[in-house]
Amino acid sequence: MLLEITDLAVEIKGKEILKDVDLYIDKGENHVLLGPNGAGKSTLFKSILGLPNYKITRGEIIYKGQNITDMPTDERISKGLGVTFQNPPSIRGVKLENLLNIISKEEKEEVKELEINELGKTMNFDKSFLERDVNVGFSGGEVKRSELLQLLVQKPDFIMFDEPDSGVDIENVELISKEINKLLENDKKEKSTKAGLLITHLGYILNFVNATHAHVLLNGRIACSGKPNEIIDDVRKQGFGGCATCNQK
Ligand code: ADP
Ligand code: MG
C-alpha cells in the first residue's frame, strides 16, 4: 500500500470536521473523492499534506510504510507527495521559472532548464509566461495549468488534486485531464507505479481521467465507496443524499 489512512479524526480550531475516515490507496490506483460543499474534502486533503491548524485527534496516516501522522509538510513532499490546491496563493516577487527551478528533481542545470521549457510548452506556456510572478494575474485556467506544470517538474509518486476542474472551461478540463493522466502514468501500457486522489465536486472531469475507485464524503465521513461509474450514476439520480443510505462499502 502506498497510502493507508485508518480511523482518522481531524479538528479545526476545536471543531471536529473529519470522523472515522478509512482510506487505502495502492500503486496504480486512482481514487476519486466526491461530496457536497463543506463535506470535508479539502480538510482531508490538507490533513494528508500536514498543514498546521488541521489537528489529528485520532487515527494515523501511513505513507510508503512510514507513519507520517506528525511529519512536517516539507518532509512529506520530499517523500514524493505532490498536490495541486483548489485556490493556490499568488506569490509576488517569485517568478514561476524560479519556483520550477527550485522544485525540479533534475540535477544538471542545462537539462533542468531544457526540461522546464519543454514541459512549459506542453502546458501551453511560452518562455515569457514562465517569467511572470507565480499566479499573479493568472486566469483560472492558467493557475490550474501552472499547478500541473509544477507537478510535472516535481515528479511525485502520490498526487492529490483538489478540484482541478473548478472554474475551468471545458477545453482546459480536457488539457488538464490529459496531464493528470500523464502524471499518474495512466497513458502507459505497463502498470503505473503512481497513485492519485482526485477531489471533485461535480465529476465532469471523470469523463477524461481514468478513476479506479470512488468515495463519497458526507459530513466528515466516507458514506459510500465503490466503482466510479456506479457511484456517479447514483449521485446523478439521487443526489449526495442518496449516499447516506448506501451500503456498498
Ligand atoms: P469541502 O472541501 O468538502 O467543500 P472543507 O474541508 O473545505 O469542505 O470544509 C469542511 C468544513 O470545515 C466546513 O464546515 C468548513 O467551514 C470548515 N472549515 C474548513 N476550513 C476551516 C478553517 N480554516 N476554520 C474553520 N472552519 C473551517
Ligand atoms: Mg474543498
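Scroll up for the structure.
Procedures and definitions
Just so you know, the residues in each chain are numbered from 1, in the order the chain's sequence is written. Chain letters start at A and ligand numbers start at 1, both assigned in the order the entries are written. A pLDDT threshold of at least 70 governs which residues receive local features in this predicted model, and a stricter bar of 80 or more applies before side-chain atom pairs are shown or counted, although totals over entire chains, interfaces and linings include all residues. Side-chain figures throughout are based on the complete set of non-hydrogen atoms in the structure, without hydrogens or water. Only N, O and S atoms count as donors, using a 2.8 Å limit from the metal and a wider 3.2 Å limit for Na, K and Ca, and since water is excluded some coordination spheres may look unfilled. Strands here are runs of E lasting at least two residues and helices are runs of H or I lasting at least four, both read from the DSSP assignment and numbered beginning at the N terminus. For each structure, a 1 Å grid was placed over the protein atoms alone; sets of points admitting a 1.4 Å probe that cannot get out are labelled cavities, open sets with protein on both sides within 12 Å along at least five of seven lines are labelled pockets, and lining residues have an atom within 4 Å of a point. Grid points are joined across faces, edges and corners, and a volume is the space filled by probe spheres set on the points. Each residue is assigned to one class: nonpolar for Ala, Val, Leu, Ile, Met, Phe, Trp, Tyr, Cys and Pro, charged for Asp, Glu, Lys and Arg, and polar for all the others, Gly among them. What makes a residue near a molecule or strand is one non-hydrogen atom of that residue sitting within 4 Å of it. Pairs of N or O atoms within 3.5 Å make up the polar contacts considered here, provided that, within protein, one atom can donate a hydrogen while the other can accept it, and that residues adjacent in sequence are counted only when both atoms are side-chain atoms. Methods summary: accessible areas were calculated by the Shrake-Rupley approach with a probe of 1.4 Å, and residue burial reflects only the protein chains presented. DSSP calls a pair of strands paired once it identifies at least 2 bridges connecting them. Pairing of aromatic side chains here covers Phe, Tyr and the six-membered ring of Trp, requires ring centres within 6.5 Å, and sorts the geometry by plane angle: under 30 degrees stacked, over 60 edge-to-face, intermediate tilted. The buried label applies to any residue whose accessible area, calculated with a 1.4 Å probe on protein chains only, is under 20% of its type's maximum; exposed applies above 50%, and partly exposed to all values in between. Salt bridges are defined by distance alone: a side-chain nitrogen of Lys or Arg within 4 Å of a carboxyl oxygen of Asp or Glu.

Engineer: For the coordination of the magnesium ion (ligand 2), give the residues involved together with the corresponding values.
Structural biologist: The protein atoms that coordinate the magnesium ion (ligand 2) are Ser 42 (OG) and Gln 86 (OE1), at distances spanning 2.1 to 2.6 Å. With a gap of 44 residues between them, Ser 42 in helix 1 (residues 41–49) and Gln 86 in the loop between strand 6 (81–84) and strand 7 (91–95) connect regions that are remote in the sequence.

Engineer: Got a sec to walk through the layout of surface pockets? Specific residues and values, please.
Structural biologist: Of the volumes computed, that of the largest pocket is approximately 330 Å³. Taken together, 16 residues form the lining of the largest pocket, with Val 83, Phe 85, Leu 99, Glu 147 and Gln 150 sitting closest to its centre. Mapped onto the lining of the largest pocket, the elements with two or more residues apiece are strand 6, helix 3 (96–103) and helix 6 (140–154). The element best represented in the lining of the largest pocket is helix 6, accounting for 4 residues. When its residues are assigned to classes, the lining of the largest pocket shows 11 nonpolar, 4 polar and 1 charged. Of the volumes computed, that of the second largest pocket is approximately 150 Å³. Lining the second largest pocket are Leu 119, Leu 152, Lys 155, Pro 156, Lys 182, Leu 183 and Lys 194. For the lining of the second largest pocket, the class distribution of residues is 4 nonpolar, no polar and 3 charged.

Engineer: Run through the site of ligand 1, naming residues and quoting values.
Structural biologist: In the vicinity of ligand 1, the contacting residues are Ile 12, Lys 13, Lys 15, Ile 17, Pro 36, Asn 37, Gly 38, Ala 39, Gly 40, Lys 41, Ser 42 and Thr 43. One nitrogen or oxygen atom from the side chain of Thr 43 is found 2.6 Å from an oxygen atom belonging to ligand 1. Protein contact buries 64% of the 560 Å² of open area that ligand 1 shows by itself. Secondary-structure elements contributing two or more residues to the shell around ligand 1 are strand 2 (15–25) and helix 1. The element best represented in the shell around ligand 1 is helix 1, accounting for 3 residues. Among the residues forming the shell around ligand 1, the class breakdown is 4 nonpolar, 5 polar and 3 charged.

Engineer: Hey, could you go over the sheet that holds strand 4 (residues 54–63) for me, with residue numbers and the actual values?
Structural biologist: Spatially, the 4 strands line up as an open sheet ordered 2-1-4-5, and their pairing is antiparallel. Edge positions in the sheet fall to strand 2 and strand 5 (66–67), since each has one partner strand and no second. As paired elements, strand 4 and strand 5 share 2 bridges and run antiparallel to each other. In the strand pairing of strand 5, Tyr 63 is matched with Gln 66.

Engineer: Which residues make up the packing of aromatic side chains, and what values do they have?
Structural biologist: For the structure shown, the criterion picks out 5 aromatic pairs. The interplanar angle of 70° and the centroid separation of 5.7 Å between the aromatic rings of Phe 45 and Phe 85 together place this pair among those described as edge-to-face. Of the two residues, Phe 45 is situated in helix 1 and Phe 85 in the loop between strand 6 and strand 7; the sequence distance between them amounts to 40 residues. Phe 45 gets classed as buried once you look at its relative accessible area, which sits at 0%. Looking at Phe 85, the relative accessible area reads 27%, which means it is partly exposed. A ring pair is formed by Tyr 204 and Phe 208, whose centres lie 5.6 Å apart and whose planes are at 75°; its orientation type is edge-to-face.

Engineer: Outline the pattern of salt bridges, supporting the account with residue identities and numerical values.
Structural biologist: For the structure shown, the criterion picks out 12 salt bridges. Its salt-bridge partner being Arg 58, residue Asp 7 comes within 3.8 Å of it at the nearest N-O pair. Within this pair, whereas Asp 7 is found in strand 1 (residues 3–12), its partner Arg 58 is found in strand 4, the two being separated by 51 residues in sequence. We classify Arg 58 as partly exposed; its relative accessible area is 35%. The salt bridge involving Glu 97 is made with Lys 127; its shortest N-O contact spans 2.3 Å. In this pair, Glu 97 sits in helix 3 while Lys 127 sits in helix 5 (residues 127–130), placing the two residues 30 residues apart along the sequence. On the basis of relative accessibility, which here comes to 35%, the residue Lys 127 falls in the partly exposed class. Here the salt bridges share partners, and the residues they tie into one network are Asp 7, Asp 20, Arg 58 and Arg 221.

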